[in-house]
Amino acid sequence: MRIVNIRETAIPLKSKLANSSFDFTEMTTSVVAVITDVMQDGKQVSGFAFNSTGRYACGAQMRARFIPRILAADPATLIDTSGANLDPAKIFAQMMRREKAGGHSERSIAIGTIEVAVWDAVAKIAGKPLHRVLAERFNSGKLPDKVSCYVGGGWYWPGQTIKDLQDEMRRHLDAGYTLVKMKVGGLPLDDDVRRLEAVLKVVGSGDRLAVDANCKFARAEALAYAKALSPFKLRWFEEPCDPLDFALLAELASVYEPPLATGENLYSTQDVENLVRFGGFRAGRDIIQIDPPQAYGIGQYARTIDMLAANAWPRTSLFPHGGNQMSLSIAAGFGLGGAESYPGVFGDFGGFADDARIENGTITLSDRPGIGFEGQAGLYKIMRELAA
Ligand code: MG
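Procedures and definitions
- Residues numbered from 1 in each chain as written.
- Predicted model: local features only at pLDDT ≥ 70, side-chain atom pairs only at ≥ 80, totals over all residues.
- Heavy atoms only, no water.
- Pairing = 2+ DSSP bridges.
- Helix = DSSP H or I, 4+ residues; strand = E, 2+ residues; numbered from the N terminus.
- Axes fitted to C-alpha atoms, helices over the stretch in contact; angles between N-to-C directions.
- Contact = heavy atoms within 4.5 Å.
- Donors = N, O, S within 2.8 Å, 3.2 Å for Na, K, Ca; no water.
- Buried < 20%, exposed > 50% of the residue type's maximum accessible area, 1.4 Å probe, protein only.
- Domains from an automatic or database assignment.
- Buried area = accessible area lost by both parts, 1.4 Å probe.
- Salt bridge = Lys/Arg side-chain N within 4 Å of Asp/Glu carboxyl O.
- Polar contact = N/O pair within 3.5 Å; in protein donor to acceptor, adjacent residues only side chain to side chain.
- Parallel < 35°, antiparallel > 145°, perpendicular 65-115°, else oblique.
- Nonpolar A, V, L, I, M, F, W, Y, C, P; charged D, E, K, R; others polar.
- Expected span 1.5 Å × (residues − 1).
- Phe/Tyr/Trp six-rings, centres within 6.5 Å; stacked < 30°, edge-to-face > 60°.
- Core = buried A, V, L, I, M, F, W, Y, C linked by side-chain atoms within 4.5 Å.

Enquirer: Help me get a handle on the sheet that holds strand E2 (residues 28-40), residues and values and all.
Expert: A sheet is described by the order of its strands in space; here three strands give the open sequence E1-E2-E3, paired in antiparallel fashion. Strand pairing shows two members of the sheet lacking a second neighbour, strand E1 (3-12) and strand E3 (43-50), which therefore form its edges. When the angles between neighbouring strand axes are averaged without regard to direction, this sheet yields 25°. Pairing of E1 with E2 involves nine bridges; the strand directions are antiparallel. The residue of E2 that forms the bridge with Asn5 is Ile35. Running at roughly 140° to E3, helix H3 (residues 105-126) makes contact with E2 and E3 of the sheet. Strand contacts of helix H12 (residues 377-387): E1, E2 and E3, with the helix running at about 125° to E3, the strand carrying the most contacts.

Right, here's the structure in full:
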């Protein structure tokens, strides 16, 4: 068996939403199809992925380096010992040939997206949902039948009123979610606190609400927000400052008692190790939110989990960023704390299978082979056309 082609395309997300730091009007994502010669039901098996949200499409690196390296390799060197399936680790190693250490995000998103698409193909060839394949390989076969899931919402958008924001949060609760997240840092502190108090009236208590500052604050403002937010005992305070300012993160952790969160802008195991070594992050309390397709993919994510375990971090402290079926499969398969959800935003790239059910803050898993994009009609149409 072999990979016969790998295709990619950039798709605009078409969103007017904004966080504290930028809007999504130019946002794009790369969709990838890894096409194999394995036939199932008269069709070639293809694996799909996209590079999540928040980082732009990265087709240039894929076309110039990573796709040609895979297609140039002897196909026999890319398959597992059974000879019947692809070996994601061997394909990853092929993509990493002639790559210099460090400088991760220049390549980690392109490589990670292709790697996750390979996993989709691997699970389809095995005839199993990806979450089951991951549970068997990385979690002693333990698999939940549903996964804790929270809404990454509360965006800023043009003309928004506080009532609009409360209505949004009511919709999330009515849909079955029990934990919601809202943006902070896009308005002056006093206005943000008024917004937050209005949302708390809807959700009921601080442990049902997280906030996300999207790396906005320098030291003084980060400390001011930490002081103002502290009494609300929120579920977590996400990305208060630059993701690589480990000294400031450590200072915040020394004065802010409730959980902090970060990680969606860290792209390597080494960066995450530096966070837990030098960023003051507290094992068992704080939250780490790596986005696996943006950070070299699933194999690297497994290595990061091993590194964290050696530093006494439980898997339940990990909530992968992304709000899509890739993160959901990974959260289920590795037995993580939960997954994010972006209901109704990012068009075809937000949300889960069309038949997924949310109940009491958890989401059901599907039995579709692979990641399960086939159950997401709008997104699968884009993927199917790319592979055709
Ligand atoms: Mg975030």
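Enquirer: How would you summarise the coordination of the magnesium ion if you had to cite specific residues and measurements?
Expert: Donor atoms from the polypeptide that bind the magnesium ion are Asp212 (OD), Glu238 (OE) and Glu264 (OE), placed at 2.0 to 2.2 Å. Binding-site remark: the magnesium ion is held by donors from one chain whose sequence spacing is D-x25-E-x25-E. Placement of Asp212 in strand E6 (residues 209-212) and of Glu264 in the loop between strand E8 (260-262) and helix H9 (269-278) is noted, with a sequence separation of 52 residues between them. Its relative accessible area of 11% is what places Glu264 among the buried residues.

Enquirer: Give me the lowdown on the domain arrangement of the chain, citing residues and values where you can.
Expert: Domain annotation of the chain identifies domain 1 (3-128) and domain 2 (136-374). Just the C-alpha atoms count here: the centres of domain 1 and domain 2 sit 24 Å apart. Facing 39 residues of domain 1, the contacting portion of domain 2 comprises 43 residues. Between domain 1 and domain 2, the buried area comes to about 3300 Å², and carbon and sulfur atoms account for 65% of it. It is Leu17, Ser20 and Phe50 in domain 1 that bury the most area against domain 2; as a group they hold 19% of the surface buried on that side. At the boundary of domain 1 with domain 2, the tally comes to two salt bridges. Residues Lys128 and Glu136 are paired through a salt bridge, measuring 2.9 Å at the closest nitrogen-oxygen approach. Linking domain 1 to domain 2 there are 20 residue pairs in polar contact (both at pLDDT 80 or more).

Enquirer: Help me get a handle on the packing of H3 against helix H4 (residues 130-138), residues and values and all.
Expert: Running from N to C, H3 and H4 cross one another at 95°; their axes reach a closest spacing of 9 Å. Classed by the angle they form, the pair H3 and H4 counts as roughly perpendicular. Along the contact surface, H3 presents Trp119, Val122 and Ala123, while H4 presents Leu130, Val133, Leu134, Arg137 and Phe138. Among the residues making up the contact of H3 with H4, the classes are represented as seven nonpolar, no polar and one charged.

Enquirer: Can you tell me about helix H10 (residues 298-310), naming the residues and giving the values?
Expert: With 13 residues, H10 should reach 18 Å at 1.5 Å per residue; the first-to-last C-alpha distance of 19 Å fits that figure. For H10, every residue scored as buried is listed here: Ile298, Gly299, Gln300, Tyr301, Ala302, Thr304, Ile305, Met307 and Leu308. Buried residues belonging to H10 abut helix H2 (88-95), H3, H4, H9, strand E9 (287-288) and helix H11 (325-334). Following H10 by one or two positions, Ala312 has its phi on the positive side, about 70°.

Enquirer: Quick one: what's the story with the packing of aromatic side chains, residue by residue and with numbers?
Expert: Enumeration over the complete set of coordinates arrives at 18 aromatic pairs. Arranged with centres 5.1 Å apart and planes meeting at 55°, the rings of Phe24 and Phe346 form a pair that is tilted. Residue Phe24 is found in the loop between E1 and E2, and its partner Phe346 is found in the loop between strand E10 (339-341) and strand E11 (358-359); the two are separated by 322 residues along the sequence. Each member of the pair Phe24 and Phe346 is classed as buried. Consider the rings of Phe50 and Phe373, whose centres lie 6.1 Å apart with planes at 50°: the pair is tilted. In this pair, Phe50 sits in strand E3 while Phe373 sits in the loop between strand E12 (362-364) and H12, placing the two residues 323 residues apart along the sequence.

Enquirer: Go over the nonpolar core with me, naming the residues and quoting the values.
Expert: If you look at the biggest cluster of nonpolar residues, it comprises 116 residues, and the most contacted ones within it are Ile114, Leu209, Phe237, Ile288 and Phe334. No other element matches the 11 residues that H3 contributes to this core. Two domains each put at least three residues into this core: domain 1 (3-128) and domain 2 (136-374). Apart from residues no more than four positions distant in its own chain, Leu209 is found in contact with Leu179, Val180, Met182, Leu196, Val199, Leu200, Val203, Leu234, Arg235 and Trp236. Grouped together as the second largest cluster of nonpolar side chains are seven residues, Tyr150, Leu179, Ala210 and Trp236 included.

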